[in-house]
Amino acid sequence: GKGQLLFTESGGNHINSCAYDPVRHLVYFTYTLTGAGGSLNQNDKTLRRYDYNLDTVGVVTADVHATLGIPTFEEGVESAAGCFFNGSLYLGCEGTDGGQTSGRKSILWKIDFNASYVPTTVSQAYATPADNGAGTMLHDWGDVGINNGILYDFDATAAAGYFYHKDLLSGNLSGFSPSPSTINPRQTGIDYNGNIYNVGGANSSSSGSIVKYNLNGTVNTGPTITIDGVTPTGNWGDAGEAFLPKTDFGDAPATYDPAGSDPATTEEDDSLHLGVSRPGVEWVKKTSSDATGDGAEEDGITGSMVVGRGTITFVPTIKVYNHTGSNATLVGWFDYNGDGVFQASEGRSVTVPSSASLQTINLPWTAINNTVPLNRYTFLRLRLTSASNGMTTSNPTGYFANGEVEDYEVYVTTTLPINNIELIAQKKGNTSLLVWKINDQTGYNEYVLERSTDRINWQTLSTEPASGTNTSGTFMFNDSKPGNIAVYYCVKGIVNTGEFKYSEIKGIYFQAPSSLTVLPNPVRNNASFRLECNNPGLAIMDILDFSGRKVYQQNLSLQKGKNEWTVNTLQKLNSGLYRVRIQSNNEILTTTLVITK
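The structure presented is a predicted model; accordingly, all values stated were derived computationally and were not measured.

Engineer: Please clarify how the nonpolar core should be interpreted in this entry.
Structural biologist: Proteins that are soluble and globular tend to have nonpolar side chains buried together. Ranked by internal contacts, the top residues of the largest apolar core, which has 29 residues, are Phe334 and Leu380. Residue assignment for this core shows that the elements contributing at least two residues are strand 20 (272-274), strand 21 (305-307), strand 22 (310-314), strand 23 (317-322), strand 24 (328-334), strand 27 (365-370), strand 28 (376-386) and strand 30 (404-412). Apart from the residues lying within four places of it in its own chain, the contact partners of Phe334 are Val307, Ile312, Phe314, Glu346, Trp365, Ile368, Thr378, Phe379, Leu380 and Val410.

What follows is the structure in structure tokens.
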């Protein structure tokens, strides 16, 4: 029963006909009651759209009649209905002239869009008599919604409301009188499970509620709705389809957000975040081997983090912005046993007071036993949310209603003694030649050569015995099947005390990295992207502004060799510099995009 702000539209005091496109993340809507004294305005024929990714509001068309041929009659688009289904916007306009003498029908129009978000095909999907032409109102749009091919028309005609069900495939129409008769069909809401809801209040003074519609004229009971602690009254302008909130996910390797459990995610809040940059809107978790999937927006900690092994004290310095007016909770989890899981015992928590300025917070791990092997990586997770949400060290995963989550890679190393292990890695055609040198083998039992494609998971390639005496040694191994664009090697020396010593990690590229080009650059509206790809497969292209905010995303299916595609929506972006990033399983490509208007 808690409502949260989606967006604020400063151009009008009332909106109607909300419809959400869950693929492109756009909310379509119209104004209402813009006439004199808050009356309906027949001259308002404008269809508007809120862009979830860009957090901007724009005009789809200033006149749906002139550009799309949709008749708007005496009430314009201001007293109507809307929903979104299967890639199309459904927009309803009232047929009545307000005096119930029109004899016309109220019509629902299906509007399709091209790849540039421009409306193209328009067709009639549904119509019903608005009045009998003799002064009696027969239908008044409350709202419409479509689920699984069934159109639900909530007719809010005073004292004669009705719940209509229209099968868009068969054309069959059925209807139900409200039971009991005191139920008012209002605004139509749909959740992700396909449940239909009756949303709003019975009149201008009653409290609003969201109650499930049982598809037979009856509704369940439910709580009234509060927004920022206030219970809104009135019959409400519109409801819509279910939408994903503006979320921020963690981007550590997948083991830290196990399959089958809720990943670490929070809803975006401009007044509460880590670092200077607010988190960008994310629709899916971007698991990455080095916790860089979220890009430059993760700036709660700047610079690389390096820690020692054994008993250590680790105190990262974190930038936090909390301007909520209340305390917030900052929790960090440092995986110092290296098992790929954030545990409650690895968490540390601190309270962050509200402040108008960016704060610097120290989060200490004191005298912990870091058992992560030398020259290996482990991970740190930071989560920030309002203290009232009750987050503790037991919540490295799961959902919170505001704040941010950031993940970081931490490198474990030490100053090695003079008898360290020197590894040389050389590319020989499609094979790797590995040579490691030891100038003093005292205390060593054996050497293990290991290989990795992600610097996290390692496999043994070769094991060589050590002399264990004060003698030098040189060892060689030829890796004939590295099998990846980038491959990493490390030598683990096993000491007779059971401890390990590691060489530096050395990497080899077996193919030139794929190349990414943008044409033209600078660009005004449309740009072509060309990618010479070494390894085919699925990839994600992101365009980010230079604050790290994601403004565009596209899924790609790449073939080996030349790939080319066009983005036709760049006219929505402001002039400036942007970063293009393409992520696949094997590599990350970036380039700069310049937009000029």
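Engineer: Mind showing me how you'd approach empty space enclosed by the protein here?
Structural biologist: Rolled over the atoms, a probe sized like a water molecule indicates the empty space that remains. With the rule as written, the count across this model stands at two cavities of 30 Å³ or more. If you trace the second largest cavity, you find it lined by Tyr52, Asn53, Asp55, Lys246, Glu268, Arg278, Val281 and Arg549. The class makeup of the residues in the lining of the second largest cavity is two nonpolar, one polar and five charged.

Engineer: Help me understand the environment of Gly92, please; the structure alone is not making it clear to me.
Structural biologist: Looking at the element boundaries, Gly92 is found in strand 7 (residues 88-93). Judged by relative accessible area, which is 0%, Gly92 ranks as buried. Distance in space between the C-alpha atoms of Gly92 and Ser106 is 7.2 Å, their sequence separation being 14 residues. Discounting residues that sit within four places of it in the chain, Gly92 has contacts with Ala80, Ala81, Ile107, Leu108 and Trp141.

Engineer: Looking at this structure, how should I read the side chain of Gln359?
Structural biologist: Assignment of secondary structure puts Gln359 in strand 26 (residues 359-362). Beyond its immediate chain neighbours, meaning those up to four positions away, Gln359 contacts Ile318, Lys319, Val320, Asn322, Val352, Pro353 and Ser354.

Engineer: Explain the sheet that holds strand 25 (residues 347-352) to me, please; I cannot follow it from the model alone.
Structural biologist: Strands pair in a sheet through their backbones, by hydrogen bonds, and they do so in one of two ways: parallel or antiparallel. In spatial order, the strands read 21-30-28-24-25; together these five strands make up an open sheet with mixed pairing. Single-partner strands in this sheet number two, and they are strand 21 and strand 25. Adjacent strand axes in the sheet meet at a mean angle of 25 degrees, parallel and antiparallel pairs treated alike.

Engineer: Hey, could you run me through the packing of aromatic side chains in this one?
Structural biologist: Two measures describe an aromatic ring pair: the distance that separates the ring centres and the angle between the ring planes. Tallied over the full model, the rule gives 25 aromatic pairs. Measuring from ring centre to ring centre gives 6.3 Å for Tyr126 and Trp141, while their planes differ by 55 degrees; the resulting arrangement is tilted. With a gap of 15 residues between them, Tyr126 in strand 9 (residues 119-129) and Trp141 in strand 10 (residues 141-147) connect regions that are remote in the sequence. When sorted by exposure, Tyr126 lands in the same class as Trp141, which is buried.

Engineer: Is there a simple way to think about the side chain of Thr188 in this case?
Structural biologist: Summarising the element assignment, Thr188 is placed in strand 14 (residues 187-190). Since its relative accessible area comes to 0%, Thr188 is described here as buried. A polar atom in the side chain of Thr188 sits 3.1 Å from the backbone oxygen of Asp143. When residues no more than four places from it in sequence are discounted, the contact partners of Thr188 are Asp143, Val144, Gly145, Tyr152, Phe154, Ile196, Tyr197, Ala239 and Gly240.

About the thresholds
- Residues numbered from 1 in each chain as written.
- Predicted model: local features only at pLDDT ≥ 70, side-chain atom pairs only at ≥ 80, totals over all residues.
- Heavy atoms only, no water.
- Core = buried A, V, L, I, M, F, W, Y, C linked by side-chain atoms within 4.5 Å.
- Buried < 20%, exposed > 50% of the residue type's maximum accessible area, 1.4 Å probe, protein only.
- Helix = DSSP H or I, 4+ residues; strand = E, 2+ residues; numbered from the N terminus.
- Contact = heavy atoms within 4.5 Å.
- 1 Å grid on protein atoms, 1.4 Å probe; cavity = no way out; pocket = protein on both sides within 12 Å on 5 of 7 lines; lining within 4 Å.
- Points joined across faces, edges and corners; volume = space filled by probe spheres on them.
- Nonpolar A, V, L, I, M, F, W, Y, C, P; charged D, E, K, R; others polar.
- Pairing = 2+ DSSP bridges.
- Axes fitted to C-alpha atoms, helices over the stretch in contact; angles between N-to-C directions.
- Phe/Tyr/Trp six-rings, centres within 6.5 Å; stacked < 30°, edge-to-face > 60°.
- Polar contact = N/O pair within 3.5 Å; in protein donor to acceptor, adjacent residues only side chain to side chain.

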